[in-house]
Amino acid sequence: GVKTILLDITLGVLVLGWIGSCICCFRVPQGVFRRAGISAMGVLVGTVAIWQGGNNVLEKFDLTWRSWVNTCFLVVMILACLAIPICAAGCMYKRKQWLFQMMCLLCVAELLIGGWWGIFFAALSYQPERDIVWEGRALVEEDQGFLGTRFAYYPRVGPLLKGRETVYVTYEMDKRLCLD
């Protein structure tokens, strides 16, 4: 409906403004804000490459990132995306006045809209988990219940990884697997 169209338009404007911010950082002469903006872009690209590239590789071995690792990747991406327009505004500070004002407006929009949505999605992406040993097997218990109760158990592979397939799922607190 109308809300979806408005959300699409808002996201489209933010993405176009964000791309414009990236271009502004590349076009200005050397400076602190240019280096910071390009560094933020590097962090963003590196994070996406490790996160999504890692997902593709891990999938072949029937593994996936643990919940807290996914949340860390998401937070780093959000912070890098928010830093780029701020750096672009700094790059434009002594340049064309109208462009600086537009970049400042974009920064405010990015921080208000992108920041709040980012915090919201980061909070929703985290699923509390704990490591347990059940019948001699190392498992990760994930509390996947947002409004209800759902506990899923995955093979524990290490501090960063877990198995992709669930070993056991329960919707009742008293049927959770206990520590040995």
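Preceding this section is the structure that the text describes.
First things first, this report covers the structure right here in the doc.

About the criteria used
- Residues numbered from 1 in each chain as written.
- Predicted model: local features only at pLDDT ≥ 70, side-chain atom pairs only at ≥ 80, totals over all residues.
- Heavy atoms only, no water.
- Core = buried A, V, L, I, M, F, W, Y, C linked by side-chain atoms within 4.5 Å.
- Buried < 20%, exposed > 50% of the residue type's maximum accessible area, 1.4 Å probe, protein only.
- Helix = DSSP H or I, 4+ residues; strand = E, 2+ residues; numbered from the N terminus.
- Contact = heavy atoms within 4.5 Å.
- Axes fitted to C-alpha atoms, helices over the stretch in contact; angles between N-to-C directions.
- Parallel < 35°, antiparallel > 145°, perpendicular 65-115°, else oblique.
- Left-handed = near helix turned anticlockwise from the far one by under 90°.
- Nonpolar A, V, L, I, M, F, W, Y, C, P; charged D, E, K, R; others polar.

Before going further, it helps to examine the nonpolar core. Formed by 25 residues in total, the largest nonpolar core has its most connected members in Cys 25, Trp 51, Trp 65 and Ile 84. Mapped onto this core, the elements with two or more residues apiece are α1 (2–27), α2 (32–60), β1 (63–65) and α3 (67–91). Counting residues per element, this core draws most heavily on α3, at 11 residues. Non-local contacts of Trp 51, meaning those with residues more than four positions away in its chain, are made with Trp 65, Asn 70, Phe 73, Leu 74 and Met 77. Core analysis: the second largest hydrophobic core is formed by 5 residues, Ile 132, Phe 151, Tyr 153 and Leu 177 among them.

Turning next to the packing of α2 against α3. In contact at an axis separation of 8 Å, α2 and α3 are set at 155° when each is read in the N-to-C sense. Of the possible angle classes, the one that applies to α2 and α3 is roughly antiparallel. Classified by chirality, the crossing of α3 by α2 is left-handed. Partitioning the contact of α2 with α3 into residue classes produces 20 nonpolar, 4 polar and 1 charged.

Now for unusual backbone geometry. Backbone geometry places Asp 62, a non-glycine residue, at a positive phi of 60°. Of note, Asp 62 is situated in the loop between α2 and β1. On the basis of relative accessibility, which here comes to 39%, the residue Asp 62 falls in the partly exposed class. The backbone of Glu 135 shows a phi angle near 50°, a positive value even though the residue is not glycine. Here Glu 135 shows up in the loop between β2 (129–134) and β3 (137–143). By relative accessible area, which is 63% here, Glu 135 ends up exposed.

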